[in-house]
Amino acid sequence: MKRKSKLTIAITTAGLVLVGAAAVYAQDKYALTSPSGIAFSVVSSARTDEVLKVIVANPTMIEAYKAGIPNNGQPFPDGSRIVKLQWKPKKSTEAPFVVDVPDVFTQAFVIEKDSKRFPQSGGWGYALFNYEAASDNFTADPSPSDCGHTCHVAVKAKDHIFHPYQKR
């Protein structure tokens, strides 16, 4: 399967999370599985001055989180994947209160655990895909400006993962 197709599936899945139109598994209201069996669950969200972020992960990583990883000192297992989806925010013109909502989708940052493929970076591989709204295409960023392993060394004690799994 082409990378663009995998990324499209991940983004579509995350979009379904955001609107709440998805099937639930393992009694987790923030998890979903596509008809083809591809599953992701919301891990967390974040906000900077420039970007709104939703962080989703695959079932392998979610099960590891639920088992206490990384707080129990164990590393995430190979096959773990976490994706950070980013939008430029805009002020809602409809809400009766001040709230930022997603405007233009900008990037998908993918991290995959595979100790054999990525031994030099704690077992994690990093990829950044930039989205261009005008062409409706993703392009792989050859030199990610969104930090990659260099940035994630700061949380080496948490197996290089910033976001904790948010309790439901």
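Residues numbered from 1 in each chain as written. Predicted model: local features only at pLDDT ≥ 70, side-chain atom pairs only at ≥ 80, totals over all residues. Heavy atoms only, no water.

## Some details on the environment of Phe129
Considering the arrangement of structural elements, one finds Phe129 in strand β6 (residues 124-132). Considered as a pair, Phe129 and Pro142 are 13 residues apart in the sequence and their alpha carbons are 9.1 Å apart. (Helix = DSSP H or I, 4+ residues; strand = E, 2+ residues; numbered from the N terminus.)

## A word on the packing of aromatic side chains
This model, assessed by the stated rule, comprises 8 aromatic pairs. An aromatic cluster of at least three residues, connected via ring pairs, comprises Tyr65, Phe76, Trp124 and Tyr165. (Phe/Tyr/Trp six-rings, centres within 6.5 Å; stacked < 30°, edge-to-face > 60°.)

## Overview of the layout of surface pockets
Volume-wise, the second largest pocket comes out at about 210 Å³. Lining the second largest pocket are 14 residues, and of these Lys84, Ile111, His152, Phe162 and His163 sit closest to its centre. Secondary-structure elements contributing two or more residues to the lining of the second largest pocket are β3 (52-57), β4 (81-91), β5 (100-113) and α3 (149-152). It is β4 that provides the largest number of residues to the lining of the second largest pocket, a total of 3 residues. Split by residue class, the lining of the second largest pocket holds 9 nonpolar, 2 polar and 3 charged. (1 Å grid on protein atoms, 1.4 Å probe; cavity = no way out; pocket = protein on both sides within 12 Å on 5 of 7 lines; lining within 4 Å. Points joined across faces, edges and corners; volume = space filled by probe spheres on them. Nonpolar A, V, L, I, M, F, W, Y, C, P; charged D, E, K, R; others polar.)

## Quick notes on the environment of Asp100
If you trace the backbone, Asp100 turns up in strand β5. For the pair Asp100 and Lys88, spaced 12 residues apart in the sequence, the C-alpha separation amounts to 9.5 Å. Look past the residues within four positions of Asp100 in its chain and what remains in contact with it is Arg47, Leu52, Pro89, Lys90 and Lys91. Within the structure, Asp100 has its side chain in polar contact with the side chain of Arg47 (distance 2.2 Å). (Contact = heavy atoms within 4.5 Å. Polar contact = N/O pair within 3.5 Å; in protein donor to acceptor, adjacent residues only side chain to side chain.)

## A word on the side chain of Ser44
Assignment of secondary structure puts Ser44 in strand β2 (residues 39-47). Aside from chain neighbours lying at most four places away, what touches Ser44 is Val54, Ile55, His163, Pro164 and Gln166.

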